[in-house]
Amino acid sequence: MKFLLVALNAKYIHSNPAIYSLRAFAGKEMEKHIELAEYTINQQVNDILADIYQKKPDAIAFSCYIWNWKEIQELLTEIPKVLPKTDLWLGGPEVTYGAEKLLKQYPQVTGVMIGEGEVTFRETVREYLEEKDFSKVAGLCLKEGYTKPRELTDLTELPFLYGDLEPFENKIIYYESSRGCPYRCSYCLSSIDKKVRLRNLDVVKKELQFFLDRKVKQVKFVDRTFNCNHQHAMEIWKYLLEHDNGVTNFHFEVSADILNDEEIALLNQLRPGLAQLEIGVQSTNEETLRAINRTMNVERLEGIVAAIRAGGNIHQHLDLIAGLPYEDYESFQRSFNRVYEMKPDQLQLGFLKVLKGSEMEQRAREFGICYGSQPPYEVLYTNWLSFDEVLFLKKVEEMVELYYNSDQFEHVLPFLVKTFDSPFAMFEQLAKYYEEQGYFLQSPARSYRYQVLLNFALEYDAEHADIYKELLTYDLYLRENVKSRPGFCKDLTTEAYRTFASGFYKTEEEQREYLPQYQEYHWKQLWKMTHLEVFDYPVWDIELLIAQGRLKEPQGILFDYKDRNPLNYEARTVRI
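Predicted, not measured: the structure shown is a model, and the values here were computed from it.

Novice: I tried to follow the overall build of the protein chain on my own but got confused; where do I start?
Specialist: When helices and strands are counted, the protein chain shows 22 helices and 20 strands. For 576 residues, the compact-globule estimate of 2.2 N^0.38 gives 25 Å, and the C-alpha radius of gyration of the protein chain, at 27 Å, lies within 12% of that figure. In terms of principal-axis extent, the alpha carbons of the protein chain reach across some 85 × 60 × 50 Å. Looking at the protein chain as a whole, 55% of its 576 residues are labelled buried. Restricting the contact set of the protein chain to residue pairs at least 6 apart, pairs at least 24 apart contribute 70%. Accessible surface, the protein chain: about 26100 Å² in total, of which carbon and sulfur atoms supply 47%. For the protein chain, the separation between the mean place of its 68 positive charges and that of its 89 negative charges on side chains is 4 Å.

Novice: Help me understand the pairing of strand 18 (residues 531-535), please; the structure alone is not making it clear to me.
Specialist: Two faces, one strand: in a regular strand the side chains alternate between the faces of the sheet. Counting buried positions along strand 18 yields 4 of 5 residues, so the element is predominantly enclosed. Where strand 18 and strand 19 (residues 555-564) come together, 5 bridges link them in antiparallel fashion. When the sheet's bridge partners are listed, F535 is paired in strand 19 with Q555.

Novice: Even after reading the chapter, I still don't get the sheet that holds strand 14 (residues 315-322), so can you show me in this structure?
Specialist: In any sheet, the strands associate via hydrogen bonds between backbone groups, in a parallel or an antiparallel arrangement. In space, the 6 strands of this open sheet follow the order 8-11-12-13-14-15, with parallel pairing throughout. Two strands bound the open sheet, and with one partner strand each, they are strand 8 (173-175) and strand 15 (346-351). In this sheet, adjacent strand axes meet at a mean angle of 25° when their direction is disregarded. As paired elements, strand 12 (residues 249-254) and strand 13 (residues 275-282) share 5 bridges and run parallel to each other. Among the inter-strand pairings, F252 is bridged to a residue of strand 13, identified as L277. Where helix 13 (residues 329-340) meets the sheet, it contacts strand 13, strand 14 and strand 15, and its direction lies at approximately 175° from that of strand 14. Packing against the sheet, helix 15 (residues 387-404) makes contact with strand 14 and strand 15, and its axis sits at approximately 160° to strand 15.

Novice: I tried to follow the pattern of salt bridges on my own but got confused; where do I start?
Specialist: Side chains that carry opposite charge are capable of pairing whenever their charged atoms lie near each other. Overall, the coordinates contain 30 salt bridges when judged by the stated rule. E131 is paired through a salt bridge with K136; the nearest N and O atoms lie 3.1 Å apart. Of the residues examined, E131 reaches a relative accessible area of 56% and is grouped as exposed. The class of K136 is partly exposed, set by a relative accessible area of 41%.

Novice: I'm lost on a nonpolar patch on the surface in this one. Help?
Specialist: Together, Y381, F387 and L391 make up a nonpolar patch on the protein surface, roughly 270 Å² of accessible area in all. As for its position among the elements, L391 is in helix 15.

Novice: Can you help me understand the nonpolar core in this one?
Specialist: A general trend in soluble globular proteins is that nonpolar side chains are found buried together. Core analysis: the largest hydrophobic core is formed by 143 residues, its most contacted members being W89, W237, F252, Y403, F427 and L453. If you tally residues by element for this core, the top one is helix 15, at 9 residues. With residues up to four places along the chain from it excluded, the contact list for F427 reads F336, Y340, V396, M399, V400, Y403, Y404 and L413. Ranked by size, the runner-up nonpolar core spans 30 residues in total, among them L49, I60, L75 and L83.

Novice: Explain the state of the cysteines here, please?
Specialist: Cysteine pairs can be covalently joined through their sulfur atoms, and such a bond is termed a disulfide. Evaluation of the coordinates by the stated rule reveals 0 disulfides. The closest cysteine sulfur to the non-disulfide-bonded C181 is located on C185, 6.4 Å from its own sulfur. In this structure C181 comes out as buried when scored by relative accessible area, which is 7%. Here C188 stays unpaired: no disulfide links it, and the sulfur of C181, its closest cysteine neighbor, is 6.4 Å away. Taking the relative accessible area as the measure of exposure, C188 reaches 18% and is therefore buried.

Novice: Is there a simple way to explain the layout of surface pockets in this structure?
Specialist: Which parts of space are left empty comes out when a probe the size of a water molecule is rolled across the atoms. Within this model, the second largest pocket holds a volume of roughly 1000 Å³. If you go around the second largest pocket, you meet 29 residues; those closest to its centre are R309, K343, Y404, E410 and P414. For the lining of the second largest pocket, the secondary-structure elements that each account for two or more residues are helix 15, helix 16 (412-417) and helix 22 (542-548). Here the residues of the lining of the second largest pocket are counted per class, giving 13 nonpolar, 7 polar and 9 charged.

Cut-offs used in this document
Residues numbered from 1 in each chain as written. Predicted model: local features only at pLDDT ≥ 70, side-chain atom pairs only at ≥ 80, totals over all residues. Heavy atoms only, no water. Helix = DSSP H or I, 4+ residues; strand = E, 2+ residues; numbered from the N terminus. Rg over C-alpha atoms; globule rule 2.2 N^0.38 Å. Buried < 20%, exposed > 50% of the residue type's maximum accessible area, 1.4 Å probe, protein only. Contact = heavy atoms within 4.5 Å. Areas by Shrake-Rupley, 256 points an atom, 1.4 Å probe, with all protein chains shown as cover. Lys, Arg positive; Asp, Glu negative; His and termini not counted. Charge placed at Lys NZ, Arg CZ, Asp CG, Glu CD. Pairing = 2+ DSSP bridges. Axes fitted to C-alpha atoms, helices over the stretch in contact; angles between N-to-C directions. Salt bridge = Lys/Arg side-chain N within 4 Å of Asp/Glu carboxyl O. Patch = residues over 30% accessible without salt bridge, like charges linked within 9 Å, V, L, I, M, F, W, Y side chains within 5 Å. Core = buried A, V, L, I, M, F, W, Y, C linked by side-chain atoms within 4.5 Å. Disulfide = S-S within 2.5 Å. 1 Å grid on protein atoms, 1.4 Å probe; cavity = no way out; pocket = protein on both sides within 12 Å on 5 of 7 lines; lining within 4 Å. Points joined across faces, edges and corners; volume = space filled by probe spheres on them. Nonpolar A, V, L, I, M, F, W, Y, C, P; charged D, E, K, R; others polar.

Printed below as a string of structure tokens:
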């Protein structure tokens, strides 16, 4: 008997911890009957079908989410044609709610595993090996109806998934130290399971050490609100501080406004790049927050984000959701501007997804929320936000991704934004500029986006053209040592520059004052491996630049690409 567990991931770098957990929990006795198959939604469905067919499974279970449900539905239609005797099972959040309706829509499906699947899957496989009486298995929806409900699992009983790291090479590692969430956010399925269950801390530490010993690049905690239990969060952060390997990054989703002084002080001690925090703000409109059952003190959140940022060691990713109740276009602008002023490293502008089984689905008609009938069930319009406004906000979102979240324009944007009434107004006008230039149809290459931003800036603030050119040059070389310089950069072929640069590098070869990591290289190699630029304005200090106005103070800046900021990957700079 062969049971095939199938995952269709959004990208190659993703993995699906669910199918690994199901197989591991089934135990050694049944593991020989279980095979895993991971694909991506970018593969052709016919190619996936062919691969599944060649494995000749007796039963298949699909791990179903909003990002892969469309492709899985296609496979449900095609697999019975080539594997007519193979049983089909479904599990995951996309099929847990409304399972009876799904079985009527797809009569070829044997059943649906509801909610947590580890124990349910193990007992289902056992039935295949014994009596094949699935009605005895709790937690299923069969054609005859639901079996008895499944009790929640003790999280510590679940085995560790990553004894063999080979399948996860060049992929993100996902780790779970808790399940459930104490909050009731109406758009989130985690609010349904209000009982928070914690994995034993001794077990967690042992498993984290496994990642640390092997210098895994990144471990992403999938805990819905990692810091909902103070002691649990503190113990894990302390352990990572004390056992840091200097390489591994750990990602946590937190509720920032409940972080206390002790937690912030501990976070401020972590190595730069050891931890990154994802903080779901969603909205700063108090009426909206009440409508979605979200408890958050925005003023406290602002102070905590600032306190963490002051440590200069943790990447902060703040989220907003467009399309929530009582949030119109003007209100969303205010939310955006308020979050932008918190200076997050990433500002994620997302759109409401009305998930099956969520409270938001039940109240959608009340709020006038119209959303797509197919995954990802994204908002089209609401009582407060028109479809035209949603479409334009998507264009604003793209501008934020290209110019803010890319980390490529960290110095020019703060100078440019002062020309506009607000940060949102800047991105709004940038989106309109992209529309006018046809760039949404034919997006500019990454290297040309610097020139595009310069052209845009000069339409609103031509007076400071020379400053914008220097800011863009500075941002460009912070990221990479480009050899093909854009037209807005200064001419480095002049005799004056070459005399200055060659003199500096020859002196550096003798004294090794600025580039101690380059001991084995001679001055010509140093010149190629680093970059030396002369600026007329203090582009490295925006506050000073704004204060000085057009006052020129020529300064040489050395860019060292061997030493980069772990948070934004910018090269180390030295004033010469």
